[in-house]
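Spelled out, the chains give:
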Amino acid sequence: MGNSYAGQLKSTRFEEVLHNSIEASLRSNTLVPRPIFSQLYLEAEQQLSSLEGGSRVDNEEEEEEGEGGLEPSSPPNAYQLPPPPEGCCTTDGFCQAGKDLRLVSISNEPIEVPAGFLLVGAKSPSLPDHLLVCAVDKRFLPDDNGHNALLGFSGNCVGCGKKGFCYFTEFSNHINLKLTTQPKKQKHLKYYLVRNAQGALTKGPLICWKGSEFRSRQNSNTNSASLFPLLESSGSLTAFPGEPAPGMNSGVPVGAQLAGTASDHPSVTTATSPAVFNGKDSPKHPQLAKNSLSVLPRPSALGILPNSGPPKKRHKGWSPESKSTTDGGFPQGAGNRAKHEGTSMPCVPQPGLVGPASATFPLVASGEPVSVPDNLLKICKAKPVIFKGHGNFPYLCGNLNDVVISPLLYTCYQNSQSLSRAYEQHGASTMQPISEETQLLLTVYYLVQLAADQVPLMEDLEQIFLRSWRESHLTEIRQYQQAPPQPFPPATSATAPVTSAQLPWLAGLAASSCNDSVHVIECAYSLAEGLSEMFRLLIEGKLSKTNYVVIICACRNAAIDSCIAVTGKYQARILSESLLSPAEYQREVHYELVTGKVDSLGAFFNSLCPEGDIDILLDKFHQENQGHVSSSLTASSAKKTAVLDASGAPVCTNSSTQNLDLGSFEKVDFLICIPPSEVTYQQTVFHVWHSGVLQELGLEKEPVTKQRAEQHVLKLDTEAQARFKAFLQNSFQNPHTLFVLIHDHAHWDLVSAVPNIYSQSDPSVGLVDRLLNCREVKEAPNIVTLHVTSFPYALQTQHTLISPYNEIHWPIAYSNGVDLYHESKKYFGLSEFIDSTLSGHSLPLLRYDSSFEAMVTALGKRFPRLHSAVIRTFVLVQHYAAAMMAVSGIPQMKNHTSVETLEITQNLLNSPKQCPCGHGLMVLLRVPCSPLAAVAYERLAHVRARLALEEHFEIILSHPSSGITVGNHFVKQLKMWQKIEDAEWRPQTYLELEGLPCILIFSGMDPHGESLPRSLRYCDLRLINSSCLARTSLEQELGLAAYFVSNDVPLEKGAKNEALESDGEKLSSTDEDEEAGTEGCFEAGSTSEKRGPVKRERSHSHDSASSSLSSKASGSVLYGESLAQPSGPPQGELSRSPPPGGPAEEGRPPGEIQRLRVSQGPMVISRHSPGPAPQPDSSLRTSRRNLQVPAAPSSQLSSSSSSSSGSSSTCTVPAANVLVLQASQCSMAKACRQPPIVFLPKLVYDMLMSTDSSGLPKSTSLLPSPSVMWTSSFRPLLSKMMTSTEQSLYYRQWTVPRPSHMDYGNRAEGRVDGFHPRRLLLSGPPQIGKTGAYLQFLSILSRMLIRLTEVDVYDEEEINTSLQEESDWRYLQLTDPWPDLELFQKMPFDYTIHDPKYEDASLICSHHQSIKIEDRGTSRKPEDLYVRRQTARMRLSKYAAYNTYHHCEQCHQYMGIHPHYQLYESTLHAFAFSYSMLGEEIQLHFIIPKSKEHHFVFSQPGGQLESMRLPLVTDKSHEHIKSPTFTPTTGRHEHGLFNLYHAMDGANHLHVLVVKEYEMAIYKKYWPNHIMLVLPSIFNSAGVGAAHFLIKELCYHNLELERNRQEELGVKPQDIWPFIVISDDSCVMWNASDVECAGERSREFSWSERNVSLKHIMQHIEASPDITHYALIGMRKWSSKTRGREVQEPFSRCHVHDFLILNVDLTQNVQYNQNRFTCDDIDFNLRVHSAGLLLCRFNRFSVMKKQIAVGGHRSFHITSKVSDSSVAIVPSQYICAPDSKHTFLAAPAQLLLEKFLQYHSHRFFPLSLKNHGHPVLSVDCYLNLGPQISVCYVSSRPHSLNISCSDMTFSGLLLYLCDSFVGASFLKQFHFLKGATLCVICQDRNSLRQTVARLELEDEWQFRLRDEFQTANAKEDRPLFFLTGRHI
């Protein structure tokens, strides 16, 4: 259903929104109900509808027919299939001899192929998913260029072996193609078939039939919504509907992304957009770029493309302007079908095997093999990388280890030739694809303008080809976008195309001015000669300045052969290393270290040092300084408190609920799965332990131990399987517990567990897939999987299991202008780092080290056989060693390090000296390769030891699989700072290293979600593997630096002081630093003796504005720019950065734990609009920060909801300036105000700093993850304006998983909608607060479950119990299950009302009661009636009645939302009967669903409704409730409790909803499977009395009909069941009291109450002996305050309410008053009793009534008829004098009367007020005169039971619409007080006078003219009139 609440998050309390959203979901009645939490899912959904409509529905594969003519509109040729010979096989896929021809069936069977024949695949229209194998003479097939196929046909059947078919028509009949058009070999022979490595026959390339590219395709279905904005101004960008081929994508396989900042689409720019090369104006070829359009004319050679066959599918939903996705056909015959047919892609080398072995292309080699020279690497200093281009590629032999061959460029060319297909789909004339010549020429232009330090990037080339093609076809594209398709193509422009003869000359011309960086070699015969020439030139050293060699062979007819060799040392090294997979990269490095190849590097370094070996220098320094070392790490004794703001708002989620009924779960449990990192494990355990979530979910009791928290966190290592199995077992055993399986860091390890060529024997491969995607998890109805990641791209492919509606992007950007985070926080993510770097007025936060890069490049040339990672590591370690020596007093070493490394080392060593406590900063040194990390650690530790710096800073080597090792000296420091007493304590997370001066060597190929402390000052990423970058791997490295910055320092001071220095060379500390910080560094005050999880506090983690200039300057960026414009959002959410402010989720030091309540302070202050945000629920944990900044006029207070640890401590800055100055140097004190400085490799830096045409960093256009690939190169760029949701849709459209990805096989399951209903994805930038968000989500989910399983029921004790007569308890035995009729008839009737809802009603007097009734207090205000009633919150039992929000599997059929039922299938039946009292025929309507028709009798099937079936009194069925249940309802279509399935315990029952006509449609919508009784329209404004009246009359009429019908069947009339149930729509549960008596007649008894089903109660009552003698049966209303004596008597003869079992036979002559709105049940009870009938209340049964705030009697609003009157109407205005000018009211007269009498009856009966001894005599009716007036009810009917009134004197007489039974003689038997008052009420003034005369009232009563009144109704509303008088 999507999200009906597109828009902003409501600014109400979070839980409220969440609750409403869940309700909205549960309210849904469609087959797939609305997703839960949809109110919180804010992104618009139009895109989704187009995505679903365009790509998943319309893509059924169809054979393209109607290609016979060249004109697009030519009709299909009519073709009559000849009849097959008798007795032959006609099965699709088999030949007429009955042999199987399908490729999937015979791919592994040996097939005899005669010489000169080829196996080809034919497509049958009746088997779109299969290829039929045929053997065809290759002379009748085309060559590579689509030419030279002989006319005619010659083929054999491979099934039965029949040979010599000379006509394709004959052959197509034999193989049962069953064509509807003329058989043509060009149309039906589609693919060559080839054998793969395993020998299996697979689908190969398309057969290139000549001219097939000229055929136009037409498609009328062109409506799909636009997903992406236009790119620049050159017309709309269209999507190529390509089925992705594994490996045939433009992206680099397995991380082999070419990491260069190559040009942004050069030479195809329009006049309005100047060519931009690499983010700067190109110095070369401006003229060439300008004139590129004339140089790149439109290609003409069309039939020569290897993929020029027709696409294999028709694509619906595509138009040229459409940007939606479809599932198209890729050239080269690849595609999704491969996986269905079990074939593989033999033509594409598998990623990971790229190298010399991968020179196996699907093309024929020509000529002699080319020999690679032996000493090539030694001479060239780099392995040339040869990219295969167009045409044939020769074999290579010889020294293959020294060259690398890659198919990437070939794939790029292939993909780019398919660009125009999208337009052809729509009947546009054939747009020519970009020609091979143009492609090659554009490639040369691109290479020419690359700078010397740049590397070519395939994505750049793809975009260049795309834009070039669009520029050259701009006119046509615009025509097709604006006008309908034309039958004839428009005239094409007459620009001359580039011919193959011109190509070498043009390429040479382009390369002529680039100083030989590009060299063009032209060959005469084949590429082999060009390659040999290139190797010769390389060996001779003639290509030393050349980076790229372009080899062109343009000799063959019209086609060209080409390849491009990268010979530049820098480029070749990076490209060749980029082709290694991560595993190969590690193996290579390990090999180099083990074999000692790196020793030469060490020797080289030593030779550089002027004084000789560095180690000798170190030893010398060590001896000189021994004994003179003093540690500066002395601890300060200042004890202050510090806090960190752990702010975070709740997470929202969204889930399809068809298979997830929240109402059926009682509690929440969870398991968090994390990558196998010890630090991440400890960090997550800590979050769980301290968040309070275990207590809140009821999983643990206080205090929670760490061991209990560990039970909920699972490290995904080799031991995970056993624990996961236990989790599954637990979920299976507890079906009523909702288990949330949280997959944190979900982008890690997406490898499929399905065995394939990628998987090794390693059991850890595919572990995530094996566990989280196992069948048990997918099918368990009580497991919800929540994937949590900062980099969700690999989970957002075409095959994903996660619905886009189930994605949550955290944090939600803006919520009605209210920030989610407090304004004192600013999040620094990737986009903020880039912004600060581009701002230009300070030293940037992102930097690269030019001297380091230069040294690495020089050494790369010197040591060509070493991997660059090894070289970079050795150089960097050498720099750090030299910098340590320089800082320690060996100044000459400054020349052997870089300025950047020296700055880092200087600040590292100096920071502890500047702080009284010894706090220092952390330097993160990222070394992905573990062996290299070990080398770096050993070397740095050695240098540190020789320099006697062991106690100045720590060096920590981290590896994911191991914990943290810290020296004892530093452990003592940490324990002292954090006030930890525990002797065994050791830091287990990086967060606990807060303030420790250290170098953290962070190893492991990927970070696993480890959080770093806020004392992190430098993030040194110079060693990250920059050659194989995908977007995920790049962003997760940069995510290490993500940070929350405090904004709460005074702006002016910060800005002034931070920007003081600008001298880049100045590295030492300055005086200005004294003023730079306004917050001190203080120790955390301890509040507990021993360390506990909640009590321990720790020091504040502010940022270190270190002594160096760069830190200061970068700080000024924040204050100068970011703070000046705090409300500007970051650039979209593309760079995964949230809005300013927020919690460092994972950046929380663990010690700051102290749970505070929200009530202590405001939660969020809006940065965008004034006014505080609403308070969240007090159960949300918050952290509080209390900062008193001396420079600020007053202290700033903030508080916000905690995200991660749900905890805080307090930071107070003292007012004493002395202390502030003393502490100002602390690096931690400044840490909170500055994000870390990040050092990057030059390649990565360039990629982040250069932008593509969309304005985004180049890095965003990289392949999102190594495990996915692009579906097409014909894709738009990501847009800067995209939201996270749109970005998700982009990746879902344009990427597919590789075969190694765990989602690869999803679509093969055959479902169109492959989404899993219980999969969610939570994504957000790194360190933003996702852990706290999902822990809080668990808490909220738990509260929601509890709330969904609880209900507020009225809990009021019975009233007027003191007035009850003391009846003799001996009438009945206490243990009787049913009343004894004889005894029961002797019981007196209790007139007193005991139901607490009638607390405001008039007492009914009887002669039994004592006369001294106390005053019952003042009446309540009408509006207080609802508010003040007492309720209790009860847990719903399994026998509860439910409203629309309840969905469960059992109810689906009952509710009519079962798939087997057609929704809303019901029929309307009229049912009429006459009723004399109304004087007309009553016509009711039944709406009867098909599933309920068996309850009724029809004249014939589908005919006239005759009656409702009734059972017999003698029926004894245990699965059937005999009494039909009628529920009158109004205004409660959603909230009424009409789902009785569970209450009836599944028993068969008849339930009818009685609704008003105007509400019929809405009730029918919400309750499609319920029977409706629709009242006539005249009752639209009537009260409940009318419904009761009509129900009773209808049922009596039906009883008569059934008696007549069944009498014909031999049934006696008295045997027909006469009872019906009339139930309120708020009865929720039923209880039974069990009473145990001490003895037979003893007064001693005990009792208990239990919840029972309504079925139990009904069957018990229906089984009562003599039941037909009772007129009305009811039960108690439940109350927790029920006393024993109320249940002691099992039965009472008294009033019954709410749930009535009514005998319509006995009560035939007793009617409900159809005019009544209130108290109609009391009125009816009194009539029944006075008629001499029995009312019985079963006291051992009770009903609970739910408090429902809408509908019912509250839906009647009394308003003025004058529309502009806004004055409130009070009850005193409900009546007026006749003919007065009183304001008339829009309300029924009867309602006005009843309300007036309830509140103002003392105006009519002044003597009766509080005069309970002299009540008002009420004849034939009970009207509520308010609680202070008592009434005495008498019936005027003859033979009725009335109380004895002979001894009573009445204070008033009420005659309401009295009939002819009331006569003058009847009234004269009653006695009245002198001055008693009379009130006569009649329908009109005339009948009023007649009544006074008929009853001779003027004899005893005095009337005055002014005593006549009427209800305040207009004449057309038929007011009631009344006359008052006084007794004479």
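Quick caveat, the model's predicted, so the values are computed rather than measured.

### Notes on helix H38 (residues 1242–1249)
Part 1: Of all eight residues in H38, eight are buried, a share of seventy percent or more.
Part 2: Regarding H38, the residues found buried are Lys1242, Leu1243, Val1244, Tyr1245, Asp1246, Met1247, Leu1248 and Met1249.
Part 3: Looking at the buried side of H38, the elements it contacts are helix H17 (569–578), helix H27 (830–838), strand S19 (846–848), helix H28 (850–862), helix H33 (1031–1038) and strand S28 (1237–1240).

### Structural notes on the environment of histidine 1802
Part 1: Counting through the fold element by element, histidine 1802 comes out in the loop between helix H49 (1789–1800) and strand S51 (1816–1819).
Part 2: Classification of histidine 1802 by relative accessible area gives partly exposed; the value is 35%.
Part 3: Separated by 26 residues in sequence, histidine 1802 and glutamine 1828 have C-alpha atoms that sit 8.6 Å apart.
Part 4: The contacts of histidine 1802, once residues within four sequence positions are left out, are Leu1809 and Ile1829.

### Some words on helix H39 (residues 1284–1294)
Part 1: For H39, a buried count of 10 out of 11 residues is recorded, marking the element as mostly surrounded by other parts of the structure.
Part 2: Those residues of H39 that sit buried are Ser1284, Thr1285, Gln1287, Ser1288, Leu1289, Tyr1290, Tyr1291, Arg1292, Gln1293 and Trp1294.

### Regarding the pairing of strand S47 (residues 1735–1745)
Part 1: Counting buried residues along S47, 11 of its 11 residues qualify, which places the element largely inside the surrounding structure.
Part 2: Bridge count between strand S42 (residues 1627–1637) and S47: five bridges; the pairing is antiparallel. Residue pairing across strands places methionine 1629 opposite methionine 1744, the latter belonging to S47.
Part 3: Looking at chain direction, strand S44 (residues 1672–1677) and S47 are connected through six bridges and run parallel. Bridge pairing in S47 places isoleucine 1673 opposite cysteine 1736.

### Observations concerning the nonpolar core
Part 1: Counting residues in each nonpolar core, the largest one holds 156 residues, and the members touching the most others are Leu846 and Leu1248.
Part 2: Per-element tally for this core: the top contributor is helix H29 (residues 868–888), with 14 residues.
Part 3: Apart from the residues lying within four places of it in its own chain, the contact partners of leucine 1248 are Leu830, Ile834, Leu846, Leu1034, Leu1038, Leu1240, Pro1257 and Ser1259.
Part 4: Formed by 113 residues, the second largest nonpolar core is a distinct cluster that contains Phe1498, Leu1785, Leu1791 and Tyr1856.

### Some details on the sheet that holds strand S52 (residues 1831–1834)
Part 1: Ordered by their spatial adjacency, seven strands build an open sheet running S49-S55-S56-S54-S53-S51-S52, and the pairing between neighbours is mixed. The outermost strands of the open sheet, each flanked by one partner alone, are strand S49 (1775–1776) and S52.
Part 2: Bridge count for S51 against S52 is four bridges, and the pairing is parallel. Bridge pairing links leucine 1817 to cysteine 1832 in S52.
Part 3: Lying on the sheet, H49 is in contact with S49, strand S53 (1849–1856), strand S54 (1871–1882), strand S55 (1901–1911) and strand S56 (1921–1927); it crosses S55 at an angle near 120 degrees.

### Here's the deal with the environment of phenylalanine 387
Part 1: With respect to the secondary-structure elements, phenylalanine 387 resides in strand S7 (residues 385–388).
Part 2: In the structure, phenylalanine 387 is positioned 176 residues away from cysteine 563 in sequence and 5.7 Å away in space, judged by C-alpha atoms.
Part 3: For phenylalanine 387, the contacting residues outside a window of four places in its chain are Ser406, Leu408, Leu409, Met458, Cys563, Ile564, Val566 and Leu575.

### Observations regarding the packing of helix H21 (residues 678–691) against helix H40 (residues 1330–1348)
Two measures define how a pair of helices packs: the angle their axes make with one another and the distance between the axes.
Part 1: One can describe the packing of H21 onto H40 by two numbers: an axis separation of 11 Å at closest approach and a directional angle of 45 degrees. On the basis of the axis angle, H21 is oblique to H40. In the packing of H21 onto H40, the handedness of the crossing is right-handed. Residue-level contacts link Thr684, His687, Val688 and Ser691 of H21 to Thr1331, Tyr1334 and Leu1335 of H40.
Part 2: For the contact of H21 with H40, the per-class residue count stands at three nonpolar, four polar and no charged.

### So, the pattern of salt bridges
Part 1: All chains considered together, the criterion is met by 59 salt bridges.
Part 2: Residue lysine 1677 pairs with aspartate 1395 through a salt bridge whose shortest N-O separation is 3.3 Å. Of this pair, lysine 1677 sits in strand S44 while aspartate 1395 sits in the loop between helix H41 (1381–1386) and helix H42 (1424–1427), and the two are 282 residues apart along the sequence. Take lysine 1677 and aspartate 1395: they sit in the same class, and that class is buried.

### Regarding the sheet that holds strand S9 (residues 404–406)
The strands making up a sheet are joined through hydrogen bonds of the backbone, oriented either antiparallel or parallel.
Part 1: Strand order across the open sheet formed by five strands is S9-S7-S12-S11-S10, with mixed pairing between neighbours. Of all strands in the sheet, those bounded by a partner on one side alone are S9 and strand S10 (518–523). Ignoring which end each strand starts from, the neighbouring axes of this sheet average 20 degrees apart.
Part 2: Relative to strand S12 (residues 561–566), S7 is paired through four bridges, and the arrangement is antiparallel. Bridge pairing in S12 links isoleucine 386 to alanine 565.
Part 3: Together, S7, S9 and S12 form the strand contacts of helix H10 (residues 408–416), whose direction differs from that of S7 by roughly 25 degrees.
Part 4: Running at roughly 140 degrees to S10, helix H16 (residues 527–539) makes contact with S7, S10, strand S11 (548–553) and S12 of the sheet.

### Let's talk about the packing of aromatic side chains
Part 1: Inspection of the entire model under this criterion finds 41 aromatic pairs.
Part 2: Consider the rings of phenylalanine 168 and phenylalanine 171, whose centres lie 6.4 Å apart with planes at 45 degrees: the pair is tilted. Separated by three residues within a single helix, phenylalanine 168 and phenylalanine 171 lie in helix H4 (residues 168–174), roughly one turn from each other.
Part 3: The exposure class of phenylalanine 168 is buried, given its relative accessible area of 7%.
Part 4: The exposure class assigned to phenylalanine 171 is buried, which follows from its relative accessible area of 0%.
Part 5: Among the aromatic residues, ring-to-ring pairing joins Phe1850, Phe1866, Phe1870, Phe1872 and Trp1901 into one connected group.

### A look at the confidence of the model for the chain
For residues with low pLDDT, the predicted coordinates do not support detailed interpretation.
Part 1: Summarising the model, the chain shows a mean pLDDT of 76, and 70% of its residues fall at 70 or more.
Part 2: In this model, residues 1414–1426 is a region of pLDDT below 50 whose contacts with residues beyond four sequence positions or in other chains number 26 contacts.

### Examining unusual backbone geometry
Part 1: Residue proline 703 is bonded to the preceding glutamate 702 through a cis peptide linkage, with omega at -15 degrees.
Part 2: Look at the link from tryptophan 810 to proline 811: it is a cis peptide, with omega at -5 degrees.
Part 3: Not every positive phi belongs to a glycine, and aspartate 1698 is a case in point at roughly 70 degrees.
Part 4: Here aspartate 1698 lies in the loop between strand S45 (1691–1692) and strand S46 (1699–1703).
Part 5: Accessibility expressed as a relative area gives 6% for aspartate 1698, which makes it buried.
Part 6: The phi dihedral of leucine 1857 is positive, around 45 degrees, even though this residue is not glycine.
Part 7: If you trace the backbone, leucine 1857 turns up in the loop between S53 and helix H50 (1864–1867).

Parameters and conventions
Residues numbered from 1 in each chain as written. Predicted model: local features only at pLDDT ≥ 70, side-chain atom pairs only at ≥ 80, totals over all residues. Heavy atoms only, no water. Buried < 20%, exposed > 50% of the residue type's maximum accessible area, 1.4 Å probe, protein only. Helix = DSSP H or I, 4+ residues; strand = E, 2+ residues; numbered from the N terminus. Contact = heavy atoms within 4.5 Å. Pairing = 2+ DSSP bridges. Core = buried A, V, L, I, M, F, W, Y, C linked by side-chain atoms within 4.5 Å. Axes fitted to C-alpha atoms, helices over the stretch in contact; angles between N-to-C directions. Parallel < 35°, antiparallel > 145°, perpendicular 65-115°, else oblique. Left-handed = near helix turned anticlockwise from the far one by under 90°. Nonpolar A, V, L, I, M, F, W, Y, C, P; charged D, E, K, R; others polar. Salt bridge = Lys/Arg side-chain N within 4 Å of Asp/Glu carboxyl O. Phe/Tyr/Trp six-rings, centres within 6.5 Å; stacked < 30°, edge-to-face > 60°. pLDDT = per-residue confidence, 0-100.

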